[in-house]
Structures are given as structure tokens and as C-alpha cells.
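Geometric and topological summary
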Amino acid sequence: MLRNMFRWGRAKGVTQCSCEPEWQGLYTEVYGERQLALPRDEMATLVGYLDLTAHCAGCGAEYPKPWGLASQ
């Protein structure tokens, strides 16, 4: 529950992916470097702690579901 606290404060709306098919690939930026992200059943602890966001590699829309870094 604590790890989701950071997301609750965001006031921006969810942007839909405009790719066909949707969410062809995900990425995030960690310390200025692009990292591969993958959908998950629950948000990875590091992602919530650092308040990272994942984006569609095609259109750049913010991914609204749980995800984690591919390297973890």
C-alpha cells in the first residue's frame, strides 16, 4: 500500500496508447538512461519508491498498470 502512495498524488489524466496493437513495448528512464520495462501483476517496489513511470515505446503514452524493470 505504501508504494502506491506516490501515484495517488498525481493530478494528470491517463493517456491511452495510440499504437496498434496497444503497448507494443515499455520503457522508463532511470538516472537519465532508458531502461526496458515489463508489465507485472503488481508494481515493483523500486518503481514505487523512485516514483518512476513507464511509457509506450511507440507513442510515449504513460502506462497505467503495474510494471517493473526488465532487469529485476
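Scroll up to find the structure.
Figured I'd write up the structure that's included with this text. The shown structure was predicted, so the numbers you read here are calculated from the model rather than taken from an experiment. (Residues numbered from 1 in each chain as written. Predicted model: local features only at pLDDT ≥ 70, side-chain atom pairs only at ≥ 80, totals over all residues. Heavy atoms only, no water.)

**Structural notes on the nonpolar core**
- Grouped together as the largest cluster of nonpolar side chains are eleven residues: Leu26, Val30, Ala37, Met43, Ala44, Val47, Leu52, Ala54, Tyr63, Trp67 and Leu69.
- Of all elements in the fold, only strand E1 (26-30) and strand E4 (67-69) reach the threshold of two or more residues within this core. (Core = buried A, V, L, I, M, F, W, Y, C linked by side-chain atoms within 4.5 Å. Buried < 20%, exposed > 50% of the residue type's maximum accessible area, 1.4 Å probe, protein only. Helix = DSSP H or I, 4+ residues; strand = E, 2+ residues; numbered from the N terminus.)

**Examining the pairing of strand E2 (residues 33-39)**
- Direction of pairing for E1 relative to E2: antiparallel, over a ladder of five bridges. Paired with Glu29 across the strands is Arg34, a residue of E2.
- Strand direction decides the pairing type here: E2 and E4, joined by three bridges, are antiparallel. Residue pairing in the sheet places Leu38 in a bridge with Gly68 of E4. (Pairing = 2+ DSSP bridges.)

**Let's talk about the packing of aromatic side chains**
- All told, the structure shown has one aromatic pair when counted by the stated rule.
- Geometrically, the ring pair formed by Trp23 and Tyr63 is edge-to-face, given 5.0 Å between the ring centres and 85° between the ring planes. Taken together, the residues span a long stretch of sequence, with Trp23 in the loop between helix H1 (5-8) and E1 and Tyr63 in the loop between strand E3 (55-56) and E4 at a distance of 40 residues.
- Judged by its relative accessible area of 21%, Trp23 is partly exposed.
- Stacked on the ring of Tyr27, the Lys or Arg Arg34 has its end atom at 3.6 Å from the ring centre. (Phe/Tyr/Trp six-rings, centres within 6.5 Å; stacked < 30°, edge-to-face > 60°. Lys NZ or Arg CZ within 6 Å of the ring centre and 35° of its normal.)

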